[in-house]
Amino acid sequence: MKRSYIIGIVLIAAAIGIIISTAGDASSYVSFEDAYVMAKNGDSKSIHVVGELTHDSSGEVTGLYPSPDKLSFRFVMQDEKGKVQEVFYNEPMPADFTRSEKVVVIGSYHDDLFVADKILMKCPSKYQETTVNAEM
Amino acid sequence: MVHEFIGDLGHFCVVVSFISALYAAFCFFKASSIGEISIADSWTKNGRMAFYVHAISVLGIVVSLFFIIYNHYFEYHYAWSHSSRRLPAHYMISCFWEGQEGSFLLWLFWHALLGIIIIATNKFWEAPVMTVFSAVQAFLGSMILGVVIPGLELKIGSSPFILLRDAIAAPIFASQPDFVPQDGTGLNPLLQNYWMVIHPPTLFLGFATTIIPFAYCIAGLWKRKYTEWIRPALPWALFSAAILGIGILMGAYWAYETLNFGGYWNWDPVENAVYVPWLFLVAAIHTMVAYKNSTTALKSAIVLVITSFVLILYSTFLTRSGVLGNASVHSFTDLGLSGQLLIYLIFFTAIAIVLAVVRWKEIPTSKKEADTYSREFWIFIGALSLCLMGFQVLIPTSIPVFNKVIELFGGIGNFAPPANQIEYYSKFQLWFAVVVALLSGVGQFFWWKKIDLKTLKDNLTVPLVLTLIVSSAIILFGDVADPAYIILLLAGVFTVIANGKILIGLFKSSPKLSGGAITHIGIGLMLIGIMFSAGYSKVVSLNNTGMLISKESSAEFNSENLLLFINEPKTMLDYDLKYKGERLEPVNENMFISKNDVAKTAVAHLVTAKTQIFKGDELIFDVNDTIEIAPENTFYEIEYTTKDGETFTLYPRAQVNEAMGGLLASPDIKRGLSSDLYTHVSSVRNPTEEQEWSEMEEFRVGIEENFFVNDYVASVEGLQRLETLDGVDLTSEDVAIRARIKVQGEERDYISEPVFLIKDGLVGRISDEVDDLGLKLTLLNVHPETNNFSIGANTRQKNWVVLKALEKPYINLLWLGTFILVIGFGVAINRRYSEFQKMKNKGLE
């Protein structure tokens, strides 16, 4: 067999390997319930859950529990299917966390608590101005 | 008043540049297709003229847009949304790349400049290469065309010259069509940084130059000059890789200095989108070099040059079409150009592939396979490794695209990027880096065509032995324990030593040829620097209390952050630290001033000095001087004391930045030869949020009589009747009295100046805060009969800051390696360009 064929085969095998490993390592967007089932079945892979913070009738964020030393905090979040879940984050509360419209938590269940390794926030952006006021 | 002329002029230039680019493409196409020299020549002349017109109109667009920004014509949407009156002139050019239209413009500008250089330096290649150039320019120009095709309601491009009233349907324009806002909304403060003035143009120059090797390659296929295109393309490919590499690393350095993710590289999709084409371009260069020396690998050179340009188009699509969405923090928002971008991508990809397929059979190949003991074989393997290295990053970066494609066919794409991107990419890229480093060391010892095994062994023995000795020493001293890192270190050291040996040999014989060896030494050093600074980055602000996260869970977490209260010393790993308070930075003065020493005014960016402010011994601001500051920035003074008693101060920053979603932290770095100490705040009192104050405590005191607020000794130093008061219109009937109260803190004295006001018979009180101590003092009443006054005091939680500190060992090797890399590229460009010139002067090209 010619050597170039061998190189070609190795190359294709490596490329396929990369694609398969990507599929294996890729995370996914799931609901809290699916995440819970995954954790129960011993799948401790980190997943993404999209949701919102809970609010009371006057629009104040509810269910926010910073630790006394401010170095970590717990909060209550409702996913897109409506399930409410407590989430722990072992980092100080990000600035403007309470203002975020949408929260993406990346992490997994530890027993009944969802532990986030990373939090992404979508804040209402004043950046894309949609109107102009006379005072400006 | 609405300045319509300048916008119309700019828009006219856009249209001219688009049409002239189309016409130039047509002329150059004609010139390349017609065999008869005299006719072809006149077409070339036409094309050249059209391209000059194009270049001038591109310059016209740039000048018009800059004129609008410079003169604060806020009736234009671009100026309004990207600039403001307070923006210093040197940051005005940064406005060009905050917006998507402006960055297309920058790209057009570089292409126009490069096109002129190509016209000036080429004879034979001018027409076919410029055909590709002009066609690309037409596509790019269409992105900022901003023309609506009537009847179809199809908008082509997004113009930077659109008026605010046309861009935004605000109610004010219905009543006042000529309304012009007083000020713009400003440039993102994150971009007001000198790296952000030079990084984007450099990166875009790198982007722009990738078209040149591609254009030569297409021209070569088209004109059946299958082998000759490599000579002129090679110096440009090297130049492109060098500039793109510098641009990427400038971005990394900016991120290291300005962003708080703790490093210089985050594997963000936008970063990956330039990293992948760069790897392919470097691979392409290697195959081109292999071809020049051994007439092998021509087909791979063609494929790789095309691929790297297609990847540039693909990354443009990724970052600008909005497809990345939530996957990236800094991609542009969608301007409705995704369709156009997709056509741009597909057009050039299709042309290149079709042309290559049609001509494939005609491309000469060497009859014999390269020998296993030849340099070309190992260069080829190296190029393949680089491609796989890029491919591994490309696949996960494209996950949002896969989701879109699945949705297009009616499925549900719920793939998310890997949860921990840094860990995920590092575990693959590390091994690719090892392979590439080893090959770049070994490859240099093979000769072109063939080497016998004995010579090879003799040559490699010394570098191998040296590598083992040096690496063992580094492993011992640097405490490298992880097997993967040891292997990476060995590979890096081997590259440096092996190429060092080659370099010494070349210096004696032919220094012009040393580009490759120098570049590879740079790569080796960079790898060692990355291994140490990323692999052995150490959190020094460890909080070892270990807390339970919930009763059910037994997992223990150590926090990597420290809570510091003001003036309360705390110990972390190798340092004692003390948080000393919030600081402001005056514009034009390279110093920090305490927030307690200034009083706010009605204008956010102006404050007045409450006391004399010194820099060292020099008096900078006297009492009541007005100081201009950047109000969005607060700095936190942290004093470090090492175990040896050495003291230094760092000022990490928090910036109120609405565009980036609120409060943004930037680090401050203590630089050392062997390691950097990197510090940023993780959480601070939100300066835009209301504070919670305790109930007011009242004191009735006389002048210079001590009283105790929150355990601090305070006394009223004097009262002053004010003639004017900022923000209040005082008449002769009104009374305004300001008290000057001294509070003795742990470290220093503070001045608080509350105001008591009677206006129109009504009492008003303006409290004043001692920020450091968390005290708010109010002058409640003045009692002339007993010659004393009532002071009210509220307290809040003391100032605090949550801090994270990291140590980055040997990061300087990364920056040093970068410099050496660039020098190596420079040497190589010089060599390849003089080869091209020699041939051109002989009239061969």
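Predicted model only: the values in this text are computed from it and were never measured.

1. Comments concerning the overall build of chain A
Turning to step 1, where the next piece is worked out: The number of helices and strands found in chain A is two helices and seven strands.
Turning to step 2, where the next piece is worked out: Each helix (α) and strand (β) of chain A, taken in turn from the N terminus, gives the series α-β-α-β-β-β-β-β-β.
Turning to step 3, where the next piece is worked out: A buried classification covers 24% of the 136 residues belonging to chain A.
Turning to step 4, where the next piece is worked out: Considering only residue pairs separated by 6 or more positions, chain A has 48% of its internal contacts joining residues 24 or more positions apart.

2. Remarks on the overall build of chain B
Turning to step 1, where the next piece is worked out: Regarding its fold elements, chain B presents 22 helices and 32 strands.
Turning to step 2, where the next piece is worked out: Dimensions of chain B, computed from the C-alpha atoms along their principal axes, are close to 110 × 70 × 60 Å.
Turning to step 3, where the next piece is worked out: Each of the 845 residues in chain B was classed as buried or not, and the buried ones make up 47%.
Turning to step 4, where the next piece is worked out: Restricting to contacts in chain B with at least 6 residues of sequence separation, those with at least 24 account for 67%.

3. Considering helix H13 (residues 269–294) of chain B
Turning to step 1, where the next piece is worked out: Taking 1.5 Å of rise per residue, 26 residues should cover 38 Å, and H13 of chain B covers 38 Å from first to last C-alpha, within 8% of that figure.
Turning to step 2, where the next piece is worked out: Within H13 of chain B, 23 of the 26 residues are buried, which leaves it mostly tucked inside the rest of the structure.

4. Digging into the sheet that holds strand E30 (residues 775–783) of chain B
Residue and element names in this part refer to chain B.
Turning to step 1, where the next piece is worked out: Pairing is antiparallel across the open sheet formed by four strands, whose spatial order is E22-E31-E30-E29. Two strands lie at the open edges of the sheet, namely strand E22 (697–701) and strand E29 (768–770), each paired on one side alone. Geometrically, the sheet is characterised by an average inter-axis angle of 30 degrees between neighbouring strands, direction not taken into account.
Turning to step 2, where the next piece is worked out: The pairing of E29 with E30 spans three bridges and is antiparallel. By the bridge assignment, Glu769 is partnered in E30 with Lys776.

5. Some points on the confidence of the model for chain B
Residue and element names in this part refer to chain B.
Turning to step 1, where the next piece is worked out: A residue-level look at chain B finds 96% of positions with pLDDT of 70 or above and a mean pLDDT of 88.
Turning to step 2, where the next piece is worked out: For chain B, strand E5 (residues 543–548) is the element with the lowest average pLDDT, namely 53, and helix H11 (residues 211–222) is the one with the highest, namely 96.
Turning to step 3, where the next piece is worked out: Under a pLDDT of 50 for its full length, residues 546–556 has, in the predicted model, 16 contacts with residues more than four places off or in other chains.
Turning to step 4, where the next piece is worked out: Under the prediction, the complex receives an ipTM of 0.85, its pTM being 0.90.

6. Topic: the environment of Ala21 of chain B
Turning to step 1, where the next piece is worked out: Tracing the backbone through its elements, the reader meets Ala21 of chain B in helix H1 (residues 4–33).
Turning to step 2, where the next piece is worked out: Sequence-wise, Ala21 of chain B and Phe139 of chain B are 118 residues apart; in three dimensions their C-alpha atoms are separated by 8.9 Å.

7. Let's talk about the packing of helix H18 (residues 421–442) of chain B against helix H20 (residues 483–509) of chain B
Residues and elements named next belong to chain B.
Turning to step 1, where the next piece is worked out: Orientation of H18 relative to H20, taken along the N-to-C sense of each, is 25 degrees, at an axis distance of 8 Å. Relative to H20, the element H18 is oriented roughly parallel. Seen from above, H18 lies across H20 with left-handed handedness. Where H18 approaches H20, its residues Leu430, Ala433, Val434, Ala437, Leu438, Ser440 and Gly441 are matched on the opposing element by Ala484, Ile487, Leu488, Ala491, Gly492, Phe494, Thr495, Ala498 and Asn499.
Turning to step 2, where the next piece is worked out: When its residues are assigned to classes, the contact of H18 with H20 shows eleven nonpolar, five polar and no charged.

8. Points about the pairing of strand E21 (residues 675–684) of chain B
Residues and elements named next belong to chain B.
Turning to step 1, where the next piece is worked out: The buried fraction of E21 amounts to ten of the ten residues, a majority that puts the element mostly inside the structure.
Turning to step 2, where the next piece is worked out: Pairing geometry for strand E20 (residues 668–670) and E21, over three bridges, is antiparallel. In the sheet register, Asp668 faces E21, and the bridge partner there is Thr679.
Turning to step 3, where the next piece is worked out: Hairpin connection between E20 and E21: a loop of four residues separates the two successive antiparallel strands.

9. Digging into the sheet that holds strand E12 (residues 606–609) of chain B
Adjacent strands of a sheet form backbone hydrogen bonds with each other and so pair up, either parallel or antiparallel.
Residues and elements named next belong to chain B.
Turning to step 1, where the next piece is worked out: Spatial strand order, E11-E12-E15: three strands in an open sheet with antiparallel pairing. Either end of the sheet is taken by a strand with one partner, and the two such strands are strand E11 (598–600) and strand E15 (626–628). Strand after strand, the sheet turns through a mean of 40 degrees between neighbouring axes, direction not considered.
Turning to step 2, where the next piece is worked out: Sheet topology note: the E12/E15 ladder contains three bridges and is antiparallel. Opposite Leu606, over in E15, you have Glu628 as the bridge partner.

Basis of the calculations
- Residues numbered from 1 in each chain as written.
- Chains lettered and ligands numbered in written order.
- Predicted model: local features only at pLDDT ≥ 70, side-chain atom pairs only at ≥ 80, totals over all residues.
- Helix = DSSP H or I, 4+ residues; strand = E, 2+ residues; numbered from the N terminus.
- Buried ≥ 20, exposed ≤ 12 C-beta atoms within 10 Å, placed from the backbone.
- Contact = placed C-beta atoms within 7 Å.
- Expected span 1.5 Å × (residues − 1).
- Pairing = 2+ DSSP bridges.
- Axes fitted to C-alpha atoms, helices over the stretch in contact; angles between N-to-C directions.
- pLDDT = per-residue confidence, 0-100.
- Parallel < 35°, antiparallel > 145°, perpendicular 65-115°, else oblique.
- Left-handed = near helix turned anticlockwise from the far one by under 90°.
- Nonpolar A, V, L, I, M, F, W, Y, C, P; charged D, E, K, R; others polar.

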